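# Remarks on the overall topology
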Amino acid sequence: MFPKDGRTTLTVDDIPKKWYNIAADIGSPEILNPATMKPVTAADLNPVFCKTSVDQELDTTHRFIDIPEQVREAYAQFGRVTPLQRAYHLEQYLKTPAKIYFKREDVSPTGSHKLNSAIAQAYYNKRDGTEHLTTETGAGQWGSALSLSCNYFDLDVIIFMVKVSFEQKPFRRSIMETYGGTVYPSPSTITEYGKSVLAKDPSYGGTLGTAITEAVEMAVKDPTGKTKYSLGSVANHVCMHQTVIGQELIAQMDEIDIVPDYMVGCIGGGSNFAGFAFPMIEKKLRGTVDTSFLAVEPTEVPSLTKGEYRYDFGDSGCITPMFKMYTLGHDFTPNAVHAGGLRYHGMNPLVSELYHNKTISAVSYNETQIFQAAVTFARTEGIIPAPESSHAIRGAIELALDAKKKNEEKTIVFNLSGHGLLDMVGYANFLKNCDHPVIEV
């Protein structure tokens, strides 16, 4: 008989009705206008974002913000509530006394958690009078989600995709174009910044910072004001939209009567980790749980574990506001790892604050280590995870092996933020060149 905690689902009526705004509980470092080095105002941000996005980004007062019914309907249309599943076969392979669970954001139509904010931002932009959106994307998950969402709410969208990923993942582009998005490799020849980068190095593979500059430039240069920029991670309002994940997760864990010892998520700009962890961190701040939170990043892009906590630009071209965050520097160019969604130089300010005050911890793994975790997970649980999500899997496995060593019955929950079915070039290269494709125990 299938075990009670094997797969836990809720109904569409259980989709959260509010987002959790952790900034009201911990505060948020002020965003600075680089021209004046004074805190930004709504007037500073209005040329870039729609009005509602600006209001939410600057809100440090309201702990919970209502989710519009049209957004909840779209969440239901596109697969929420997502399941919580137990990794029994992985536990058996590791021979660990730990229990391992994972929240399945991979089951969305675009294959990741990104729809949670894309739907909200597309809705608000349409309501606020925007006609065209611009954005960046790394691996293509965010661009895919925003393309679907813009089609759903009848908006045009232009996506600047980091050139390395544009070349590594051609079918991501096809998905975006299928949903109606227009995709350019970044750096491109259609913005002044893109042309300036290519003039210096025609072979430059791009970064998320470069793609952000191009997208923001295109938005702010529209004289009609009908073009706005939409961000896929890093910003506070984006992380807030993702908290539907953690709220659902808490309800599911209550249903099967578990409280995690550890919650683990991959981290690049911070959105999936924040959405997964922030609602439970609220409980920890109130002293009702003693869960530990682990953020896992690439050793190739170690913004938390090796970065500096200071003000920096959110983009490479220095046209965005300045955020107080852990950063490797806005001019940092990471290696062309397959976890393209984690190739960002900085970290969300709220996540940065939680790391700085030691509410959360962080660790990094290299690409070989995360692909070993990915293949191990695929061969035990049958799901091929995204390279980004495989960082969380590696973190969870290491915690489970530590529990085995200490003979402790720990409960570990990680966020499976996306599937890897369009990342098979990375898998193929790894399997071809690695003698030990799984974690050996």
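Residues numbered from 1 in each chain as written. Predicted model: local features only at pLDDT ≥ 70, side-chain atom pairs only at ≥ 80, totals over all residues. Heavy atoms only, no water.

Put simply, the rule reads: UniProt positions are given in the numbering used here, feature names are shortened, and annotations may be inferred rather than shown by experiment.
As annotated in an unreviewed UniProt entry, the protein chain carries the name tryptophan synthase and is attributed to Methanocorpusculum petauri. Taken directly from UniProt, the Catalytic activity (unreviewed entry) text for the protein chain runs: "(1S,2R)-1-C-(indol-3-yl)glycerol 3-phosphate + L-serine = D-glyceraldehyde 3-phosphate + L-tryptophan + H2O". Word for word, the UniProt comment on the protein chain under Cofactor (unreviewed entry) is "pyridoxal 5'-phosphate".

### Focus: helix α17 (residues 367-381)
How we decide: Each helix is a run of H or I in the DSSP string that is no shorter than four residues. Each strand is a run of E no shorter than two, and both are numbered from the N terminus. A helix is expected to span 1.5 Å for every residue after the first. Working definition: with a 1.4 Å probe on protein chains only, accessible area under 20% of the residue-type maximum means buried, over 50% means exposed, and in between means partly exposed. For this analysis, a polar contact is any N or O atom pair within 3.5 Å, provided that within protein one partner can donate a hydrogen and the other can accept it, and provided that sequence-adjacent residues contribute only side-chain to side-chain pairs.
Between its terminal C-alpha atoms α17 stretches 21 Å, which fits the 21 Å expected from 15 residues at 1.5 Å a residue. Among all positions in α17, only I370, F371, Q372, A373, A374, V375, T376, F377, T380 and E381 are buried. For α17, the capping residue at the N-terminal end is N366, with a side-chain oxygen 3.1 Å from the backbone nitrogen of T368. Directly beyond the C-terminal end of α17, a positive phi value near 80° is found at G382.

### So, the environment of N125
For N125, the position within the fold is in helix α6 (residues 115-127). Note on N125: relative accessible area 0%, which makes it buried. As for N125 and F49, which are separated by 76 residues in sequence, their C-alpha atoms are 8.4 Å apart. Within the structure, the side chain of N125 is placed 2.8 Å from the backbone oxygen of Q121, a separation counted as a polar contact.

### Considering the nonpolar core
This is how it is decided: Put simply, a nonpolar core is a bunch of buried Ala, Val, Leu, Ile, Met, Phe, Trp, Tyr and Cys residues held in one set by side-chain atoms that sit within 4.5 Å of each other. Any two residues whose heavy atoms approach within 4.5 Å are treated as being in contact.
One finds W19, Y75 and F278 to be the most contacted residues of the largest nonpolar core, which totals 69 residues. The residues touching Y75, leaving out its near neighbours within four places in the chain, are I15, W19, I67, R80, L115, N116, I119, A120, H241 and V244. Among the nonpolar cores identified, the runner-up in size contains 34 residues, and L90, A373, A392 and A396 belong to it.

### Focus: the sheet that holds strand β16 (residues 361-365)
Let me state the cut-off plainly: Two strands qualify as a pair provided that DSSP identifies no fewer than 2 bridges between them. In this description, a line fitted to the C-alpha atoms serves as the axis of each element, helices being fitted only across the stretch in contact, and the angle between N-to-C directions of two axes falls anywhere from 0 to 180 degrees.
The strand order across the open sheet formed by seven strands is β1-β6-β7-β17-β12-β13-β16, and the pairing between neighbours is mixed. With one partner strand each, in any of the chains shown, β1 (7-8) and β16 form the two edges of the open sheet. This element, α17, spans β6 (84-86), β7 (99-104), β16 and β17 (411-416) of the sheet and lies at about 95° to β16.

### Brief notes about helix α4 (residues 69-77)
Short version of the rule: The arc refers to the directions leading from the helix axis to the C-beta atoms.
Restricting attention to buried positions, one finds in α4 the residues V71, R72, A74 and Y75. The buried residues of α4 all sit within an arc of 160° when viewed along its axis, so they share a single face. Elements in contact with the buried residues of α4: β2 (18-20), α6, α7 (141-153), α12 (236-241) and α13 (244-255). Immediately downstream of α4, the backbone of G79 shows phi near 110°, a positive value.

### A word on the side chain of S188
Within the fold, S188 resides in the loop between β10 (182-186) and α10 (192-200). For S188, a relative accessible area of 4% translates into the label buried. For S188, the side chain forms a polar contact with the main-chain nitrogen of I190, separated by 3.2 Å. A polar atom in the side chain of S188 sits 2.5 Å from the side chain of E214. With sequence-adjacent residues up to four places away left out, S188 is seen in contact with F160, G194, K195, L198 and E214.

### Looking at the sheet that holds strand β11 (residues 227-229)
Read from one edge to the other, the open sheet built from four strands follows the order β10-β9-β8-β11, with strand pairing classed as parallel. Two strands bound the open sheet, and with one partner strand each, they are β10 and β11. Strand-to-strand twist in this sheet, taken as the mean axis angle between neighbours without regard to direction, amounts to 25°. Across five bridges, the pairing between strand β9 (residues 156-162) and β10 is parallel. Counted as the bridge partner of F160 is Y184 from β10.

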